[in-house]
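This is what each chain is made of:
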Amino acid sequence: MLQALNSDGELVTLYNLSADRLSKLKEEGRFYCPDCKEELIIRAGEKVIAHFAHRKKSTCQHGGEGIYHEKGKLDLYLWLRKQGIPVKLEFYLAEIKQRPDLLVEIGTKTLAIEYQCAEISIIDMKKRTESYLSAGIVPLWILGGNKLKRLSSRVLKLTANDASYIHQFHQHFPLSIYYYCSTQKQFIFFQDFSFLSQTKAFGNLLILSIEKCILKDFFTLRKLPTYHLLQTWRHELQKWRNRPVPVHQKKETAWRQWLYLQGLNVQTLPYFVNLPIQCGFMLKTPPWVWQSRLYLELIVKQRKFSFRNAMDILNTQLYPASHFPLIHSTLHPIKEYFQQLERIGILKSNKQNIYVVIRLTV
Ligand SMILES: [Zn+2]
């Protein structure tokens, strides 16, 4: 942690002290954890920003995220101060029992910034997010650059765990996920993405050095031009159709067998049974798996169906909405899929939310 209590009960930081002063404090100073009140040690060196740490045996949760995290937290703190933004470091919010890395005041809004470099459970993340929201505080989670899994210039791998950190500040805000690398001193903004598979997200990826950024950049809408997505999707579709499936991919093999029993195969499936979906991460199966079930059971067999019918089929394949506490609640992958099918002229919906198939080929 960057702050600790001294023997007079005052909060102290170390990053701005000279080497002489630091070594003196290391020998004579007594510092205590603001949470558990245990005595702390000072960690400092040429490559390490000066900070406090618990002794090895400690079980305290506060400040246990390592040097990469401490460095990044300090970078963000100084970066905000440089912009003249009021910011508090490791400030304890007693009423919700939370200590965000940074607490920021902008106008009438309060922002809790969590710089998350270590793995935490979705339950913990959800709990912290919900408690900020309940106190009227906007949570902003920035993941450590060490968690970034970049597959190409516009593609990231986002696991179900990563997906909990997807933000959507309001209904018209594109899906966004943020990273900061404290080694490279860079922000990574990934926005307006769609899922080409269960974990492969294609979108607008922007890497900016911290010096070139301001806080407002987090709330800027960066759209991805549609033709980029179309082009990549066509290419991916071709690859997917021609890809042999290794036997160890049991789920994919089982799905292909199921498809075969329906008298179909990946070559004969219409292209709209594998559409990229923005909130595809809300499902536990790849787009072609859940879309093919809707295609065969509703579009081909029923011809006329409701959203409820679709939910009955896919209910067990959806993550609960609470899995994604930073997302506006109106987003739904099945609704999004049906909207796409309406756009390309396969379906038409009426006011009662009944979908009718207009045609099966385009
Ligand atoms: Zn402690």
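Just above, that's the structure.
Bear in mind that the values here come from a model prediction, so they are computed numbers and not experimental data.

Visitor: Hey, could you run me through the overall build of the protein in this one?
Guide: A tally of helices and strands in the protein yields nine helices and 17 strands. Burial analysis of the protein (362 residues in total) assigns 50% to the buried set. Counting only carbon and sulfur atoms, one obtains 52% of the accessible surface of the protein, whose full area is about 18600 Å². Where the 50 positive side-chain charges of the protein centre and where its 30 negative ones centre are 11 Å apart.

Visitor: Sorry if this is basic, but what is going on with the packing of aromatic side chains here?
Guide: Aromatic rings considered in pairs are described by the distance between their centres and by the relative angle of their planes. Counted under the stated rule, the structure contains 29 aromatic pairs. Between Tyr-178 and Phe-189, the aromatic rings sit 5.9 Å apart at their centres with planes inclined by 85 degrees, giving edge-to-face as the arrangement. In this pair, Tyr-178 sits in strand E12 (residues 176-181) while Phe-189 sits in strand E13 (residues 186-195), placing the two residues 11 residues apart along the sequence. Here Tyr-178 falls in the buried class, since its relative accessible area comes to 0%. Residues Trp-290 and Tyr-337 carry aromatic rings whose centres are separated by 5.5 Å and whose planes lie at 75 degrees to one another, so their mutual orientation is edge-to-face. Within this pair, whereas Trp-290 is found in helix H7 (residues 287-300), its partner Tyr-337 is found in helix H9 (residues 333-343), the two being separated by 47 residues in sequence. A single burial state applies to Trp-290 and to Tyr-337, both of which are buried. These aromatic residues form a ring-pair network of at least three members: Trp-79, Tyr-115, Tyr-178, Tyr-180, Phe-187, Phe-189 and Phe-218. It is Arg-256 that lies over the ring of Trp-240; its NZ or CZ is 5.8 Å from the centre. Note that Lys-284 overlies the ring of Tyr-319, its terminal NZ or CZ placed 5.4 Å from the centroid.

Visitor: Whenever I open this one, the sheet that holds strand E7 (residues 102-106) confuses me. Can you help?
Guide: Strand pairing in a sheet is mediated by backbone hydrogen bonds. Such pairs are either parallel or antiparallel. Pairing is mixed in the open sheet, where nine strands are placed in the order E6-E7-E8-E9-E12-E13-E14-E11-E10. Each having just a single partner strand, strand E6 (87-89) and strand E10 (150-152) make up the two edges of the open sheet. Adjacent strand axes in the sheet meet at a mean angle of 35 degrees, parallel and antiparallel pairs treated alike. Relative to strand E9 (residues 138-144), strand E8 (residues 109-116) runs parallel, the two sharing six bridges. Residue pairing for E9: Gln-116 is matched across the bridge by Leu-143. Helix H3 (residues 122-134) rests against E8 and E9 of the sheet, and its axis sits at about 150 degrees to E9.

Visitor: How should I be thinking about the packing of H7 against H9 in this particular structure?
Guide: Helices that pack against each other are described as a pair by the angle of their axes relative to one another and the distance between those axes. For the pair H7 and H9, the least separation of the axes is 12 Å and the interaxial angle reads 65 degrees. H7 and H9 meet at a crossing whose hand is right-handed. Contacts between H7 and H9 involve Trp-290, Gln-291, Leu-294 and Ile-299 from the first element and Pro-333, Ile-334, Tyr-337, Phe-338 and Leu-341 from the second. The residue inventory of the contact of H7 with H9, partitioned by class, reads eight nonpolar, one polar and no charged.

Visitor: Explain the coordination of the zinc ion to me, please; I cannot follow it from the model alone.
Guide: As a benchmark, a tetrahedral metal site with four donors has ideal angles of 109.5 degrees, while an octahedral site with six donors has ideal angles of 90 or 180 degrees. Here the zinc ion is held by the protein donor atoms Cys-33 (SG), Cys-36 (SG), His-54 (NE2) and Cys-60 (SG), which lie 2.1 to 2.3 Å from it. Bound by four donor atoms, the zinc ion shows angles of 101 to 128 degrees at the metal and therefore tetrahedral coordination geometry. When the donors of the zinc ion are listed by position in the chain, the intervening gaps give C-x2-C-x17-H-x5-C. Placement of the pair is Cys-36 in the loop between strand E3 (31-32) and strand E4 (41-43) and His-54 in the loop between strand E5 (51-53) and helix H2 (67-82), with a sequence separation of 18 residues.

Visitor: Explain the pattern of salt bridges to me, please; I cannot follow it from the model alone.
Guide: Once the charged atoms of two side chains with opposite charge are near each other, the side chains can pair. The tally for this structure, following the rule as stated, stands at 17 salt bridges. Note that Arg-256 and Glu-252 form a salt bridge whose closest N and O atoms lie 3.2 Å from each other. Linking Arg-256 with Glu-252, this pair stays in helix H6 (residues 250-261), spanning four residues, or about one helical turn. Accessibility classification places Arg-256 together with Glu-252 in one group, the buried group. Arg-308 is the salt-bridge partner of Asp-312, the closest N and O atoms lying 3.9 Å from each other. Of this pair, Asp-312 and Arg-308 both sit in helix H8 (residues 307-314), four residues apart, which is roughly one turn of the helix.

About the cut-offs
Residues numbered from 1 in each chain as written. Predicted model: local features only at pLDDT ≥ 70, side-chain atom pairs only at ≥ 80, totals over all residues. Heavy atoms only, no water. Helix = DSSP H or I, 4+ residues; strand = E, 2+ residues; numbered from the N terminus. Buried < 20%, exposed > 50% of the residue type's maximum accessible area, 1.4 Å probe, protein only. Areas by Shrake-Rupley, 256 points an atom, 1.4 Å probe, with all protein chains shown as cover. Lys, Arg positive; Asp, Glu negative; His and termini not counted. Charge placed at Lys NZ, Arg CZ, Asp CG, Glu CD. Phe/Tyr/Trp six-rings, centres within 6.5 Å; stacked < 30°, edge-to-face > 60°. Lys NZ or Arg CZ within 6 Å of the ring centre and 35° of its normal. Pairing = 2+ DSSP bridges. Axes fitted to C-alpha atoms, helices over the stretch in contact; angles between N-to-C directions. Contact = heavy atoms within 4.5 Å. Left-handed = near helix turned anticlockwise from the far one by under 90°. Nonpolar A, V, L, I, M, F, W, Y, C, P; charged D, E, K, R; others polar. Donors = N, O, S within 2.8 Å, 3.2 Å for Na, K, Ca; no water. Tetrahedral: all angles 85-135°; square planar, octahedral: opposite > 155°, others 65-115°. Salt bridge = Lys/Arg side-chain N within 4 Å of Asp/Glu carboxyl O.

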